[in-house]
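# An overview of the molecular structure
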Amino acid sequence: MAATSADKTTPGWFVMGVDLGSTTAKAAVVDQDGALRGSSVVQMGAVSREAVARAMDGAMAAAGVAQSDIRRTISTGYGRKLVPGANRTFTEITCHARGAAALHPGVRLVIDIGGQDSKAIIVDDDGLVERFAMNDRCASGTGRFFDVLARALEVDIDAVGELALAGSEGLEVSSMCATFAETEVISLLAQGREKADIAASVHKAVAARTLGLVAQVGKATPTVMTGGVAKNPAARLHVSRALGHPVELLDQPQIAGAYGAGLLARDDYAGTAQAPTSSDAATEEQFRASLSGGTPHCQDCDGRPGHSHSGTGEPVPLELQRNIR
């Protein structure tokens, strides 16, 4: 479990944001001024109530506060409805945008590569979502995809990025399906290909996939990555090359969603948040409909860095934006 803390001398009240993803549980304690006071990241094999409890305890310990000091908790992520004691839930789209904007003021494009899905989010001056695109249909180009690569290459997941930086990216990796890609990697190994070259070529293919997602919303700078894959130096390098401009590294990319949820909790408790116009269930329905209807997946984007759209992607209606906050 990784936990980080900030200076704990400022008195006042505290809130918490919790991001329960498919592979990690993250929690962040935020004070009344919106400052990040403590955070924690817990690795898990599957969505786990025990892991999220450990993350919450770790964040409170890092912040030097007790559960009784927490005035509001907002959850987000894959398992947000499983977070104990959460007062409200919001989608990870909104929370990652808000957290990234706080961690890197002025950011315009947020690329979140999580354990099970990838997202491209255009952010405005206030850290609000302008438009977004999401790949939630398979694990291609996600954290799970890199887990599969590391397993096939028989290297530690934390070392796969450095391995890729040492290789050449000239190999053809045609499959972006995590299952078929593992078979393809094993085939390349059987041909005597170097592990570093395979890792580099897979990272390049993932970057091309990510570029296709970004093409649906439009390029913008500054650009940051959130999620665990953001810590992978080869992933950042190849995504930067595909985009044609730098991808900047956040200090704590994994806790962007939890921090964003904490900032929403702070606004909610302070009375500055807009009340949602529908229930969370209705919001989810609109959110999913926007993915399939508002920003359809473009098959021509996949693996084609030169492909572009005539526009900047479908905007998210203001009413929907309010609902997913």
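One structure accompanies this document, and this report is about it. Per chain, the residues get numbers from 1 upward, laid out in the order the sequence is written. Confidence filtering applies because this is a predicted model: local features only for residues at pLDDT of at least 70, side-chain atom pairs given and counted only at 80 or more, and all residues used for totals across whole chains, interfaces and linings. Hydrogen atoms and water are omitted, and side-chain values are computed over all heavy atoms in the structure.

### Regarding the overall build of the protein chain
Runs of H or I in DSSP of at least four residues are treated as helices and runs of E of at least two as strands, each being numbered from the N terminus. Counting its secondary structure elements, the protein chain contains 10 helices and 11 strands. The classification of residues rests on relative accessible area computed with a 1.4 Å probe and restricted to protein chains. Under 20% of the type maximum is buried, over 50% is exposed, and intermediate values are partly exposed. Looking at the protein chain residue by residue over its 325 residues, the buried ones come to 55%. Whether two residues are in contact is decided by their heavy atoms: any pair within 4.5 Å suffices. Across the protein chain, the fraction of contacts at a sequence separation of at least 24, relative to all contacts at a separation of at least 6, is 71%. Total accessible area on the protein chain is roughly 13,500 Å²; 49% of this is exposed by carbon and sulfur atoms. Every accessible area reported is derived by Shrake-Rupley at a probe size of 1.4 Å, with residue values counting cover from the shown protein chains alone.

### As for the side chain of His-96
Mapped onto the elements, His-96 comes out in helix H2 (residues 92-103). Given the relative accessible area of 4%, His-96 is considered buried. Not counting the four nearest positions on each side in its chain, His-96 is found in contact with Asp-19, Val-110, Asp-112, Ile-121, Thr-226, Ala-256 and Gly-257.

### Section: the sheet that holds strand E11 (residues 247-248)
If you walk across this open sheet you meet the 5 strands as E9-E8-E7-E10-E11, and the pairing is mixed. The open sheet has two free edges, formed respectively by strand E9 (129-135) and E11, since each of these has just one partner strand. Bridge analysis of strand E7 (residues 109-113) against strand E10 (residues 223-226) gives 4 bridges, and the strand direction is parallel. Its bridge partner being in E10, Asp-112 is matched across the sheet by Thr-226. Here a strand pair is declared whenever DSSP counts at least two bridges between the two strands.

### Remarks on the pairing of strand E2 (residues 14-20)
A large share of E2 lies buried, amounting to 7 of its 7 residues. Burial along E2 is two-sided: the face carrying Phe-14, Met-16, Val-18 and Leu-20 and the face carrying Val-15, Gly-17 and Asp-19 are both buried. In this structure, the hairpin formed by E2 and strand E3 (residues 24-31) is closed by a connection of 3 residues.

### Some thoughts on the packing of helix H6 (residues 195-215) against helix H7 (residues 233-243)
Contact pair H6 / H7: the axes reach a minimum separation of 8 Å and the direction vectors enclose 50 degrees. It follows from the interaxial angle that H6 and H7 lie oblique. Crossing handedness for the pair H6 and H7: right-handed. Contact with H6, carried on its side by Ala-200, His-203, Lys-204, Ala-207, Thr-210, Leu-211 and Val-214, involves Ala-234, Ala-235, His-238, Val-239, Ala-242 and Leu-243 of H7 and no other residues of that element. In terms of residue class, the contact of H6 with H7 is made up of 9 nonpolar, 3 polar and 1 charged. A fitted line through C-alpha atoms represents every axis, and for helices the fit uses only the stretch in contact; the resulting angles, taken between N-to-C directions, go from 0 to 180 degrees. Roughly parallel refers to an angle under 35 degrees, roughly antiparallel to one over 145, roughly perpendicular to one between 65 and 115, and oblique to any angle outside these ranges. Left-handed describes a crossing whose near helix is turned anticlockwise from the far helix through less than a right angle; right-handed describes the clockwise counterpart. Charged residues are taken to be Asp, Glu, Lys and Arg, nonpolar residues to be Ala, Val, Leu, Ile, Met, Phe, Trp, Tyr, Cys and Pro, and polar residues to be all remaining types, Gly included.

### Re helix H1 (residues 49-63)
By this rule, a helix spans an expected 1.5 Å times one less than how many residues it contains. Over its 15 residues, H1 runs 21 Å from end to end, which matches the ideal 21 Å to within 8%, given 1.5 Å per residue. Listed in full, the buried residues belonging to H1 are Ala-51, Val-52, Ala-55, Met-56, Gly-58, Ala-59, Met-60, Ala-62 and Ala-63. Following H1 by one or two positions, Gly-64 has its phi on the positive side, about 75 degrees.

### A word on unusual backbone geometry
Cis geometry is adopted by the peptide bond preceding Pro-222, which originates at Thr-221 and carries an omega value of 0 degrees. Checked against the element boundaries, Pro-222 lands in the loop between H6 and E10. Even without a glycine there, the phi angle at Glu-154 is positive, about 60 degrees. Looking at the secondary structure, you find Glu-154 in the loop between helix H3 (143-153) and helix H4 (160-165). Note on Glu-154: relative accessible area 68%, which makes it exposed.

### Things to note about the pairing of strand E4 (residues 36-43)
When you tally the buried positions in E4, you get 7 out of 8 residues, the bulk of the element. With 7 bridges joining them, E3 and E4 adopt antiparallel strand pairing. Bridging from a neighbouring strand, Ala-28 pairs with Ser-39 of E4. A loop of 4 residues connects E3 with E4, the two strands running antiparallel in sequence, and Gly-34 in this loop sits at a positive phi of about 85 degrees.

### Brief notes about the environment of Val-42
By the secondary structure assignment, Val-42 is in strand E4. For the pair formed by Val-42 and Ala-25, sequence separation is 17 residues and the distance between their alpha carbons is 5.1 Å.

### Overview of the pattern of salt bridges
Oppositely charged side chains can pair when the atoms bearing their charge come close. In the sections that follow, a salt bridge refers to a side-chain nitrogen of Lys or Arg positioned within 4 Å of a carboxyl oxygen of Asp or Glu. Considering all chains together, one arrives at 11 salt bridges under this definition. A salt bridge links Arg-80 to Glu-92; the nearest nitrogen and oxygen atoms lie 3.1 Å apart. With a gap of 12 residues between them, Arg-80 in the loop between strand E5 (70-76) and strand E6 (88-89) and Glu-92 in helix H2 connect regions that are remote in the sequence. In this structure, Arg-80 and Glu-92 share a single accessibility class: buried. Here Asp-268 makes a salt bridge to Arg-88, at a shortest N to O gap of 2.7 Å. Of the two residues, Asp-268 is situated in helix H8 (residues 256-270) and Arg-88 in strand E6; the sequence distance between them amounts to 180 residues.

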